[in-house]
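Close look at the chain arrangement
Each chain is listed here by its residues.
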Amino acid sequence: MVAQIIDGKLFSKKLRKQVSEHVNVLKTENNITPGLAVVLVGEDPASQVYVRSKGKQTIEVGMNSYEYKLSEDTTEADLLELINRLNVNNDVHGILVQLPLPGHINADVVINSIDPEKDVDGFHISNVGLLATGQKSMVPCTPLGCLLMLKNFHGSLTGMDAVIIGRSNIVGKPMAQLLLNESCTVTITHSRTKQLEEAVRCADIVVAAVGRAEMVKASWIKPGATLIDVGINRVKASDGSTRLVGDAEFSSCSEVAGAITPVPGGVGPMTIACLLANTLVACCRKYGLEDPDIIPN
Ligand code: NDP
């Protein structure tokens, strides 16, 4: 079997186009421009790249982008003060604080200080609770991107066996909630799971969110299963150059799986597209407008 490639790059392009069309309507018919504020504390190079990319794509879909770059030694109090200002700023509909934060800042306190209605990352405890109880919430961008790709590929996910590798608050746990809400039978695995490979081999859907380069092997995959690879791992090649790989061994897994997301070009681009979609949703909700229907075909 040779897996179908689930092209996140192409899919995210369609999603961004739809977001952009909705933004245009908001601007022309309602005189509203959605705004996204991104806060970066410190000099982490990967975070700087993400923040630049988010800002660029925010502008490309016609939204306002507000970037706040704070020094590594910013105090928690100063960061909270900025968030309070953004919470009451009517031009800002979405707030994202780039993680990880420097060690002296408590990320939970910071995230929970964001107005839940502007929490476009979906990490605020209120949004976590709403998602867990199947209510309307802000859904974390990476799992949302995975879900959109899965639904686009399969249609209904009802009754499918899904195994998630990883239990982080950012990916693994919300992914499990989303798949549960789609009536999948969900197993969450982690570093203490016994017989991980056997668990994965039972899955119709595998979501790998581990952060270990090419850990998932072809022999773990049930023939025909769908493999969503969230991992982003930078590995050094023998010639000294670096390349990005996922948490699954792409070349061998794609010979067994029915469908697979590549790294790069799979989940990554969907994450930013979903951030823009969430900002649009937050903006519409603020003005009592219906949530836009933004699942591309
Ligand atoms: P975390 O480090 O927060 O979580 C990793 C999870 O993997 C943990 O639950 C951990 O288990 C589990 N794990 C670690 N080792 C093993 C193992 N040997 N067997 C089974 N489970 C294991 O990572 P994130 O969830 O934040 O991210 C995961 C990956 O996804 C990373 O590569 C990250 O870069 C990428 N990522 C990609 C995004 C994108 O936009 N494409 C967005 C966010 C993340 P335990 O809890 O027991 O420690």
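Remember, it's a predicted structure, so these values are computed and weren't measured experimentally. (Residues numbered from 1 in each chain as written. Predicted model: local features only at pLDDT ≥ 70, side-chain atom pairs only at ≥ 80, totals over all residues. Heavy atoms only, no water.)

A closer look at the site of the ligand
Every one of the 21 residues lining the ligand counts as a neighbour, but Arg167, Ser168, Ser191, Arg212 and Thr271 are closest to it. Measuring from a nitrogen atom of the ligand, one finds a side-chain N or O atom of Arg212 at 2.8 Å. Protein contacts shield 70% of the accessible area of the ligand, which totals 920 Å² for the unbound molecule. The element that contributes the greatest number of residues to the shell around the ligand is helix 10 (residues 267-286), accounting for 3 residues. In the shell around the ligand, the residues fall into 9 nonpolar, 10 polar and 2 charged. (Near = heavy atom within 4 Å. Polar contact = N/O pair within 3.5 Å; in protein donor to acceptor, adjacent residues only side chain to side chain. Areas by Shrake-Rupley, 256 points an atom, 1.4 Å probe, with all protein chains shown as cover. Helix = DSSP H or I, 4+ residues; strand = E, 2+ residues; numbered from the N terminus. Nonpolar A, V, L, I, M, F, W, Y, C, P; charged D, E, K, R; others polar.)

As for the sheet that holds strand 5 (residues 161-165)
The 6 strands are arranged 1-11-8-7-5-6 in an open sheet whose pairing can be described as parallel. Each of the sheet's edge strands pairs with one partner strand only, and the pair in question is strand 1 (4-5) and strand 6 (185-189). Pairing geometry for strand 8 (residues 226-229) and strand 11 (residues 259-260), over 2 bridges, is parallel. Opposite Thr226, over in strand 11, you have Ala259 as the bridge partner. Packed on one face of the sheet, helix 7 (residues 172-181) meets strand 5, strand 6 and strand 7 (205-208) and runs near 170 degrees to strand 5. (Pairing = 2+ DSSP bridges. Contact = heavy atoms within 4.5 Å. Axes fitted to C-alpha atoms, helices over the stretch in contact; angles between N-to-C directions.)

Considering the layout of surface pockets
If a probe the size of a water molecule is rolled over the atoms, the empty space left behind becomes visible. The volume enclosed by the largest pocket comes to roughly 1,400 Å³. Around the largest pocket, the lining is made up of 47 residues, and of these Tyr50, Thr142, Ile232, Gly268 and Thr271 lie nearest the centre. Only helix 1 (8-30), helix 2 (45-60), strand 4 (94-97), helix 6 (141-154), strand 9 (233-236) and helix 10 provide two or more residues apiece to the lining of the largest pocket. Here the lining of the largest pocket gets 7 residues from one element, more than from any other, and that element is helix 2. By residue class, the composition of the lining of the largest pocket is 25 nonpolar, 14 polar and 8 charged. (1 Å grid on protein atoms, 1.4 Å probe; cavity = no way out; pocket = protein on both sides within 12 Å on 5 of 7 lines; lining within 4 Å. Points joined across faces, edges and corners; volume = space filled by probe spheres on them.)

A closer look at the sheet that holds strand 4
Strand order in the open sheet formed by 3 strands is 3-2-4, with parallel pairing between adjacent strands. The sheet is open, and its two borders are formed by strand 3 (64-70) and strand 4, each paired with just one other strand. Within this sheet the neighbouring strands show an average axis-to-axis angle of 15 degrees, counted without direction. Running over the sheet, helix 3 (residues 76-87) touches strand 2 (35-41), strand 3 and strand 4 and is turned about 180 degrees from strand 2.

Some thoughts on the pairing of strand 8
Residues Thr226 and Ile228 point to one face of strand 8 and Leu227 and Asp229 to the other, with burial holding for every one of them. By the bridge criterion, 4 bridges tie strand 7 to strand 8 in an arrangement that is parallel. If you follow Val207 over to strand 8, its bridge partner there is Ile228. (Buried < 20%, exposed > 50% of the residue type's maximum accessible area, 1.4 Å probe, protein only.)

A few points about helix 10
Taking 1.5 Å of rise per residue, the 20 residues of helix 10 would be expected to cover 28 Å, and the 28 Å separating its terminal C-alpha atoms lies within 8% of that figure. A large share of helix 10 lies buried, amounting to 15 of its 20 residues. Gly288 sits one or two positions beyond helix 10 and adopts a positive phi of about 70 degrees. (Expected span 1.5 Å × (residues − 1).)

Topic: the packing of aromatic side chains
Throughout the structure, instances matching the rule amount to 0 aromatic pairs. Here the guanidinium or amino end of Lys286 rests over the ring plane of Tyr287, the centre of that ring lying 5.7 Å away. (Phe/Tyr/Trp six-rings, centres within 6.5 Å; stacked < 30°, edge-to-face > 60°. Lys NZ or Arg CZ within 6 Å of the ring centre and 35° of its normal.)

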